[in-house]
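# Examining the three-dimensional arrangement
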Amino acid sequence: MSDTPFGFGLPPEEPEDGDEGKKKDQQSGGGQGPANPFGFGGLPGAGGFGGPGADNPLAAMFGSLNPTDLGAAFQQLGQMLSYEGGPVNWDMAKQIARQTVAQGAQDGSKDASVGPADRRAVEEAVRLADLWLDDATSLPSGAGAAVAWSRAEWVEATLPAWQELVDPVAERVGAAMGDVLPEEMQAMAGPLIGMMRSMGGAMFGTQIGQAVGVLAGEVVGSTDIGLPLGPAGKAALLPANVEAFGKDLGVPQEEVRLYLALREAAHQRLFAHVPWLRSHLFGAVDGYARGIKVDTAKLEDVVGQFDPQNPEQLQDALQQGMFQPEDTPEQKAALARLETALALVEGWVDAVVHAAAKPRLASADALRETLRRRRATGGPAEQTFATLIGLELRPRRLRDASRLWASLTDARGADGRDGLWAHPDMLPTATDLDDPDGFVHREQLDFSELDKMLGEAAGGSQATPDPGKPDLRKKDDGEAEDDDAE
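Description of the structure in this document. (Residues numbered from 1 in each chain as written. Predicted model: local features only at pLDDT ≥ 70, side-chain atom pairs only at ≥ 80, totals over all residues. Heavy atoms only, no water.)

## Observations concerning the environment of W348
Secondary-structure assignment places W348 in helix α14 (residues 329–357). Sequence separation of W348 and H267 is 81 residues, and the distance between their C-alpha atoms is 9.0 Å. (Helix = DSSP H or I, 4+ residues; strand = E, 2+ residues; numbered from the N terminus.)

What follows is the structure, given as structure tokens:
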């Protein structure tokens, strides 16, 4: 990820020898002369990072500027500044993400369409993974389809989820921009505030687009951060990235693909058959993000000195800690709830996949440890998540959660372990991760009678199940019971 997260650099310096120096600099291809009229830099443009066109402020959107397309460039710049959508310019984010992918990953590999052979290999790996998982979990298959994505396809498929995750944070900044001026001055400064919000949306779009584009070069599936980023029911792998992941491990490519397919298929089972889980996780992200406060004193200084031709002032303020979690019990609880929920998801997947792979794959231990080290060292998914959401996952919690799920398997079997996903209040808490043995041997509450009582109270006698109809709560697909009280 770029060190300048919003993609803007320093304004150009005047050459010591005046106009003659400018001419020489343009002829040699260096510097930031007239081709960079706004003093931006660092966007992932047509020439790549640091390559030809990298000093072009609009390269990420238009490619290299020349007299023939300068008018179009200014027209698109005007559209950027006149953006009146949500807190993030998602059209720009998508465009920059796609162009970042087109430039190639940081290891030099290029994106390419997935061929028939790779598609068949992914489909077969997911199909076999689902068979193995049947022995390791009571949750049935959740992958209605197995798909092999290129990096560009991953970007297209996951952007809706990124929007849901990032908008709450960006919204806080957009609101703060309009609140820092006294009310009597806001009417006078309306055009300036509108310009700042448009610029803020563009900068968030630039940052997110670049981050998602870089991430697309390294993720191996749709669930690398423990959240379902892709469409429901689609187990997805990126063949090019799977190959890069296993390149130096000394493990046969087929085993690497199968192990990663196990992880993807396990995530799909969990999210497909625990219907409340996705909204619970995304709601926890939203609750945590809305508890983030913006340092308005710092933002007031930025607004007071804001120069539309010097937008790196806003970037610098963001980098210097403008986002801060509220130091309140509610915010601390939101953070603990989110970290614990994500740790439980990843810990369950780790434990279930290990149980399925250990008897069948000689490389199971090595692949498991490789993925754990990737987490512990702050892999690309964790780094991107921390940058965009303001949250860092603690690897210690993931290991603790994995040990707890494994202990539950030993003590209660797969059915008893997986039964805890029936209700969010049955799941372990952060305190339980510190004392897994205490949780494993604690008598668990049975929520079935409580649910029945609540249903009868809400629907009266009509809520009583018809003996002639199946009780959908007992279905193994985890779907909620239909309410017959219509």
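## Digging into the packing of aromatic side chains
Under the defined criterion, the tally for this structure stands at three aromatic pairs. With centroids separated by 5.3 Å and ring planes inclined at 15°, the aromatic side chains of W405 and W421 adopt a geometry described as stacked. With a gap of 16 residues between them, W405 in helix α17 (residues 395–418) and W421 in the loop between α17 and α18 (430–434) connect regions that are remote in the sequence. W405 sits in the buried class, given a relative accessible area of 0%. The class of W421 is buried, set by a relative accessible area of 3%. Aromatic ring contacts, followed pair by pair, group W276, W348, W405 and W421 into a single cluster. In this structure, R278 packs its charged tip against the face of F282, placed 4.1 Å from the ring centre. (Phe/Tyr/Trp six-rings, centres within 6.5 Å; stacked < 30°, edge-to-face > 60°. Buried < 20%, exposed > 50% of the residue type's maximum accessible area, 1.4 Å probe, protein only. Lys NZ or Arg CZ within 6 Å of the ring centre and 35° of its normal.)

## Concerning the nonpolar core
In this structure, W154, W162, L277, W348, W405 and W421 are the most contacted members of the largest nonpolar core, which totals 97 residues. Ranked by residue count, the leading element in this core is α14, at 14 residues. Not counting residues within four places of it along the chain, the set of residues in contact with W154 comprises W149, W162, V212, L215, A216, V219, G221, S222, L229 and L238. (Core = buried A, V, L, I, M, F, W, Y, C linked by side-chain atoms within 4.5 Å. Contact = heavy atoms within 4.5 Å.)

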